[in-house]
Amino acid sequence: MVRLLALLILLHPAAARAFDPVTEDGEFRALVVGHELTRLGIELRVLADGQISGRGMGRPVSGEWRWRDGYFCRTLFWGERDLGEDCQAVLRAGDQLRFVAERGAGIHADFRLR
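What counts, and at which threshold
- Residues numbered from 1 in each chain as written.
- Predicted model: local features only at pLDDT ≥ 70, side-chain atom pairs only at ≥ 80, totals over all residues.
- Heavy atoms only, no water.
- Helix = DSSP H or I, 4+ residues; strand = E, 2+ residues; numbered from the N terminus.
- Buried < 20%, exposed > 50% of the residue type's maximum accessible area, 1.4 Å probe, protein only.
- Contact = heavy atoms within 4.5 Å.
- Areas by Shrake-Rupley, 256 points an atom, 1.4 Å probe, with all protein chains shown as cover.
- Phe/Tyr/Trp six-rings, centres within 6.5 Å; stacked < 30°, edge-to-face > 60°.
- Lys NZ or Arg CZ within 6 Å of the ring centre and 35° of its normal.
- Disulfide = S-S within 2.5 Å.
- Core = buried A, V, L, I, M, F, W, Y, C linked by side-chain atoms within 4.5 Å.
- Polar contact = N/O pair within 3.5 Å; in protein donor to acceptor, adjacent residues only side chain to side chain.
- Pairing = 2+ DSSP bridges.

### What to know about the overall build of the protein chain
Moving on, step 1. Helix and strand counts for the protein chain stand at 3 helices and 9 strands.
Moving on, step 2. Sorting the 114 residues of the protein chain into buried and exposed places 34% on the buried side.
Moving on, step 3. Long-range pairs, those at least 24 residues apart, make up 31% of the contacts in the protein chain with a sequence separation of at least 6.
Moving on, step 4. Accessible surface, the protein chain as shown: approximately 7,200 Å² in total, 56% of it carbon and sulfur.

### A closer look at the packing of aromatic side chains
Moving on, step 1. All chains considered together, the criterion is met by 7 aromatic pairs.
Moving on, step 2. Note on F72 and F99: the rings are 5.3 Å apart at their centroids and 65° apart in plane angle, and the pair reads as edge-to-face. Residue F72 is located in strand β6 (residues 71–78), and its partner F99 is located in strand β8 (residues 96–100); the two are separated by 27 residues in the primary sequence. Per residue, the accessibility class of F72 equals that of F99, and both read buried.
Moving on, step 3. A cation sits over an aromatic face here: R98 above F19, 4.0 Å from the ring centre.

### As for the state of the cysteines
Moving on, step 1. On inspection of all chains with the given rule, the structure shows 1 disulfide.
Moving on, step 2. Each disulfide pairs two cysteine sulfurs, and for C73 the partner residue is C87, the sulfurs being separated by 2.1 Å. One quick way to see it: the torsion about the S-S bond of C73 and C87 is about 110°, and its sign makes the bridge right-handed. Of the two residues, C73 sits in strand β6 while C87 sits in strand β7 (residues 81–93), which places them 14 residues apart along the sequence.

### Quick look at the nonpolar core
Moving on, step 1. Membership of the largest hydrophobic core comes to 19 residues, with the highest contact counts inside it found for F28, V32, L37, F72, V90, L97 and F99.
Moving on, step 2. For this core, the secondary-structure elements that each account for two or more residues are α2 (25–32), β3 (42–46), β5 (59–68), β6, β8 and β9 (108–113).
Moving on, step 3. With residues up to four places along the chain from it excluded, the contact list for F72 reads F28, V46, I52, W65, R66, W67, D86, C87, Q88, V90 and F99.
Moving on, step 4. Among the nonpolar cores identified, the runner-up in size contains 5 residues, and F19, A89, L91 and A93 belong to it.

### Quick word on the environment of R74
Moving on, step 1. Position of R74 among the secondary structure elements: in strand β6.
Moving on, step 2. Sequence separation of R74 and G50 is 24 residues, and the distance between their C-alpha atoms is 9.1 Å.
Moving on, step 3. Leave out the neighbours within four places in its chain, and R74 touches I52, E64, W65, L83, G84, E85, D86 and Q88.
Moving on, step 4. Side-chain polar atoms of R74 contact the backbone oxygen of G84, separated by 2.8 Å.

### Considering the pairing of β9
Moving on, step 1. Two elements, strand β2 (residues 37–39) and β9, share 2 bridges in a ladder whose sense is antiparallel. Following the sheet pairing, L37 is matched in β9 by L113.
Moving on, step 2. Where β8 lies against β9, 5 bridges are found, and the strand directions are antiparallel. Note on β9: the bridge partner recorded for F99 is A109.

Here is the structure:
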């Protein structure tokens, strides 16, 4: 069973790609503005005016963002739930962006750019 799990992880498209850091505001904006960030059950838009909008698991998502010291810093609401503020490291591999919580020290979430 462990071998099967390891094989599935290795065959996952994200596992085969090297993620490169996104460290500049202009580079980040060029990637996300005008595109959707998607993953299973989640569709988000990171807008040029500093707003975040979309849906996650059937609930509205809203918030604000800014680029600060090489990190994507955001406040976020999922429905009525306040997810608070977090500054996240951003990494890119092809059409995928990986957001890593707590300035790169926390958990990560991968999104496809569309």
